[in-house]
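Coordinate inspection notes
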Amino acid sequence: MSSSSGGTLTVGAKPSGRLTRRGRARGGEATTLGSSRGGRLALRTVALGYLAVLLGAPLVMIFYRTFEHGLAPVWNAVTAPNALHAMWLSLEIVLIVVPLNTIFGIGAAILLERGRMPGRTLFGLLIDMPFAISPVVVGLALVLVYGRAGWFGDELAAQGINIIFSVPGMVLATALVTLPFVVRETIPVLREMGTDSEQAAETLGARPWQTFWRITLPGIRWGVGYGVVLTTARALGEFGAVSIVSGRIEGQTQTLPLYVQDRFENFDTTGAYTAAVMLAVLALITLLAMNLLARRANKKGGR
Amino acid sequence: MAIEVREVSKRFGEFQALSEVSITVADGALTALLGPSGSGKSTLLRIIAGLETPDTGMVLIDGEDVTSSPARSRGVGFVFQHYAPFKHMTVHDNVGFGLSVRKRPKEEIRDRVSELLSLVRLEGLAERYPSQLSGGQQQRMALARALAVQPQVLLLDEPFGALDAQVRAELREWLRRLHDEIHVTTIFVTHDQEEAMEVAEQIVVMNDGRIEQSGSPRALYEAPANEFVMSFIGPVNRLGDAFLRPHDIQLLSEEGGGEEALVERVVHLGFEVRVELKLGDGRELWAQVTRETAQQLEVQEGQILTVRLPAPRVFAQAG
């Protein structure tokens, strides 16, 4: 999935990474590792070999085992009602979580990078927590707060609102686990952009909201975009937290990853592999969409 | 529009950037804020623009107190040191930004932008992106962008600092002529005394968050108020408490009427020749003479010359 020419954006390459790469190519005098021909070849071999072992082989195996017995069983597995339901549920959760965390992420990044509020460090730490805590713990914590025996569980149940063992809880769990991505990808881009262009917009008469839409947001779009891709991929694949919160009710609270495990435990390997391939394809579509957007924007000039 | 700054102070943490600074800039004037880095000149400019709020003091534009108005309603055009281009917009959209946020009709924006682009000599580059322009072109784009909203006041922060010497000289000259054409009150920040002398009608010399002196380039050069101004504006020799301009030192080949000095080094800089000298008592200084004088004297290293020193300038020790 890597591209050899410097001009096209590699899938998943960070915008800042692109810049340094271009810069190094120009300043050819420095003898860094990988500047000599032999060194470059060795580096490439190691990198590709590592990728092949880690990512390539398992992926190929899954595709192979899925289509081993032809298309018919795969088609049956894909169109199984529970499989379809799991896929739609996964997409539904993604469609709710990604916009929420994108908006929150941009806001939090601006607050952390530009704001002067006290307790910024603490706020930053809190946002990073989901990275550090196991998703299972996140799931358990949510059950403790919203579950039947939890803090608000009873009151919510009395109002007829169920969070645990239903979709709202799964959305909450996914949102929590994917919280840091947009924030952490946006902050460095925001820092690199600096405040000059925003201030220039201000002196030209732009109101804060206009400055945000026309200057800040286009300036950080790569960081945000990359954060969105990561959030989407993680939301699609989230297992631990969702597994606990959902109760894994077949045909009701089963997302694709949960369905994969369910099929696997029931010795339905074709079902499991097919669902795994569906997940992989969804993730690929996300990455491709991002790559296409990047390419189109690149053609338009700018950065 | 006239600008007045009254007793403005600004502190960044422990650092006192400005202490009770007051300046007045006449309507239509072209003024330089000159000083070394850290002297507070950029902070003062940003306070006038409204990009920074003073801790105390007032800013008046055209007699109106704007101290607490936001930058967008002050009617200032600001050109940043690194131009602050909107990288995702074409040159046209950059220049038209100020009109576009004011919701002006498209045709009006197009006309105004093309008018400005020809003023800054960027015709034909409207559809380019800033990354496709040279430094000097980006600088002129930034200027056109600032002028598009017809500011009452034009503020430039180290406008030529990031350009190479030749482009810088061209742009200086061009800014001067532009100012003659459009007559907008202009203040620019620089640390380059030559740039200030060449472009500005009035120079405000700053140091350590204070104003050392302000006046016309000539007045500052001929009657510097203190040591700092004397040594910052133009080259200087320091002999104890006395200050001498190198070009005021006369070199003679015959004896008498002056002190004897040993020529230590001769540097040819085209028309100007620098002669580094050591006086009989060991004090060192240098003289600036024309190429002609140097030829007449046949100046060379190791030679003994007679040096006639002008009346030196002595400043009362500043408190």
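Residues numbered from 1 in each chain as written. Chains lettered and ligands numbered in written order. Predicted model: local features only at pLDDT ≥ 70, side-chain atom pairs only at ≥ 80, totals over all residues.

Notes on the overall build of chain A
Definition in use: Secondary structure elements are taken from DSSP: a helix is a run of H or I of four residues or more, a strand is a run of E of two residues or more, and numbering for both begins at the N terminus. Residues with at least 20 neighbouring C-beta atoms inside 10 Å of their own are called buried, those with 12 or fewer are called exposed, and the rest are partly exposed, where every C-beta is derived from the backbone. The contact criterion used here is simple: two residues whose C-beta atoms, placed from the backbone, lie within 7 Å are in contact.
The secondary structure content of chain A amounts to 15 helices and 0 strands. In chain A, buried positions account for 35% of the 303 residues. Sequence-distant contacts in chain A: of pairs separated by 6 or more residues, those separated by 24 or more amount to 72%.

Observations regarding the nonpolar core
Filter applied, for reference: Note on terminology: a nonpolar core is any set of buried Ala, Val, Leu, Ile, Met, Phe, Trp, Tyr and Cys residues joined through C-beta atoms within 7 Å.
Ranked by internal contacts, the top residues of the largest apolar core, which has 76 residues, are A32(B), L33(B), I48(B), A144(B) and L155(B). Looking at this core, the element that brings in the most residues is helix 4 (residues 135-147) of chain B, giving 6 residues. Look past the residues within four positions of A144(B) in its chain and what remains in contact with it is V95(B), L116(B), L117(B), L119(B), V120(B) and L122(B). Membership of the second largest hydrophobic core comes to 57 residues, among which are I106(A), A235(A), V245(A) and M290(A).

Comments concerning the interface of chain B and chain A
To keep things clear, this is the line we draw: In the scheme used here, Gly and all other residues not listed as nonpolar or charged are polar, with Ala, Val, Leu, Ile, Met, Phe, Trp, Tyr, Cys and Pro taken as nonpolar and Asp, Glu, Lys and Arg as charged.
In this assembly, 21 residues from chain B lie in contact with 18 residues from chain A. Looking at the side of chain B that touches chain A, the elements with two or more residues in it are strand 6 (76-79) and helix 2 (91-100) of chain B. Looking at the side of chain B that touches chain A, the element that brings in the most residues is strand 6 of chain B, giving 3 residues. A breakdown of the residues in the side of chain B that touches chain A according to their chemical character gives 12 nonpolar, 5 polar and 4 charged.

As for helix 1 (residues 41-49) of chain B
All names here are of chain B. Counting buried residues in helix 1 gives 9 out of 9 residues, a clear majority hidden from the surface. For helix 1, the set of buried residues is K41, S42, T43, L44, L45, R46, I47, I48 and A49. With its phi angle positive at about 90°, G50 sits one or two positions after the end of helix 1.

So, the pairing of strand 7 (residues 153-157) of chain B
On a regular strand, one side chain projects to one face of the sheet and the next to the other, so that they alternate. Residue and element names in this part refer to chain B. Put simply, the test is: Strands were regarded as paired on the criterion that DSSP finds at least two bridges between them.
Taken across its 5 residues, strand 7 has 5 buried, putting it largely inside the fold. Burial along strand 7 is two-sided: the face carrying V153, L155 and D157 and the face carrying L154 and L156 are both buried. Where strand 6 and strand 7 come together, 4 bridges link them in parallel fashion. Bridge assignment links V79 to a residue of strand 7, and that residue is L156. The pairing of strand 7 with strand 8 (residues 185-190) spans 5 bridges and is classified as parallel. Among the inter-strand pairings, V153 is bridged to a residue of strand 8, identified as T185.

Let's talk about the domain arrangement of chain B
Quick reminder of the rule: Domain segmentation is taken from an automatic or database assignment of domains.
On domain assignment, one finds that chain B holds domain 1 (3-229) and domain 2 (242-310). The C-alpha centroid of domain 2 of chain B is placed 41 Å from the C-alpha centroid of domain 1 of chain B.

Structural notes on the confidence of the model for chain A
Which entries qualify depends on this criterion: The pLDDT score gives, residue by residue, the confidence of the prediction method on a 0 to 100 scale.
Averaged over all residues, the pLDDT of chain A is 84; the fraction at 70 or higher stands at 86%. Predicted confidence for residues 1-28 of chain A stays below pLDDT 50, and this span has 23 contacts to residues more than four positions away or in other chains.

What to know about the sheet that holds strand 8 of chain B
Residue and element names in this part refer to chain B. What counts here: Only the contacting stretch of a helix is used when fitting its axis, a line to C-alpha atoms as for every element, and angles between N-to-C directions run 0 to 180 degrees.
Across the sheet, 6 strands lie side by side as 6-7-8-3-9-10; this open sheet has mixed pairing. Two strands bound the open sheet, and with one partner strand each, they are strand 6 and strand 10 (210-215). Put simply, the sheet's adjacent strands are angled 15° from each other on average, direction ignored. The pairing of strand 9 (residues 202-207) with strand 10 spans 5 bridges and is antiparallel. Within strand 10, the position partnered with M206 by the bridge is I211.

Some points on the sheet that holds strand 16 (residues 284-290) of chain B
All names here are of chain B. Taken in spatial order, the 5 strands line up as 13-17-14-15-16 in an open sheet, and their pairing is antiparallel. Where the open sheet ends on each side, the last strands, each with one partner, are strand 13 (250-252) and strand 16. Sheet twist, expressed as the mean angle between neighbouring strand axes with direction ignored, is 45°. Across 7 bridges, the pairing between strand 15 (residues 272-279) and strand 16 is antiparallel. Across the sheet, V273 pairs through a bridge with V289, a residue of strand 16.

Comments concerning the confidence of the model for chain B
On average, residues of chain B score 90 in pLDDT, and 99% of them are at 70 or above. With a pTM of 0.79, the predicted complex shows an ipTM of 0.85.

Observations concerning the domain arrangement of chain A
Residue and element names in this part refer to chain A. Entries for chain A in the domain assignment read domain 1 (32-66) and domain 2 (81-299). Computed over C-alpha atoms, the centres of domain 1 and domain 2 are 29 Å apart. Contacts between the two partners involve 5 residues from domain 1, matched on the other side by 5 residues from domain 2. Among the residues making up the side of domain 1 that touches domain 2, the classes are represented as 3 nonpolar, 1 polar and 1 charged.

Considerations on the packing of helix 6 (residues 135-146) of chain A against helix 8 (residues 167-177) of chain A
All names here are of chain A. Counted only if it meets this: Each angle gets one of four labels, with under 35 degrees taken as roughly parallel, over 145 as roughly antiparallel, 65 to 115 as roughly perpendicular, and the rest as oblique. Crossing handedness is defined as follows: a turn of the near helix away from the far one that is anticlockwise and smaller than a right angle gives a left-handed crossing, while the clockwise case is right-handed.
The N-to-C vectors of helix 6 and helix 8 enclose an angle of 135°; their axes lie 10 Å apart at closest approach. The angle between helix 6 and helix 8 places the two elements in the oblique class. Viewed along their axes, helix 6 and helix 8 form a crossing whose handedness is right-handed. Where helix 6 approaches helix 8, its residues P135, V138, G139, L142 and Y146 are matched on the opposing element by G169, L172, A173, L176 and V177. In terms of residue class, the contact of helix 6 with helix 8 is built from 8 nonpolar, 2 polar and no charged.

Concerning the environment of L190(A)
All names here are of chain A. With respect to the element layout, L190 can be found in helix 9 (residues 180-193). Residues L190 and G223, spaced 33 residues apart in sequence, show a C-alpha to C-alpha distance of 8.3 Å. If we skip the residues at most four places from it in the chain, L190 touches A109, I110, E113 and I220.

Some remarks on the pairing of strand 15 of chain B
All names here are of chain B. Here 8 bridges tie strand 14 (residues 259-269) to strand 15, and the two strands are oriented antiparallel to one another. Across the sheet, the residue bridging to L262 is K278, located in strand 15. Between strand 14 and strand 15, which pair antiparallel in sequence order, lie 2 residues; one of them, G270, sits at a positive phi of approximately 80°. Taking the residues that link successive antiparallel strands as the turn, the strand 15-strand 16 hairpin has 4 residues, and the phi of G282 there is positive, at about 95°.

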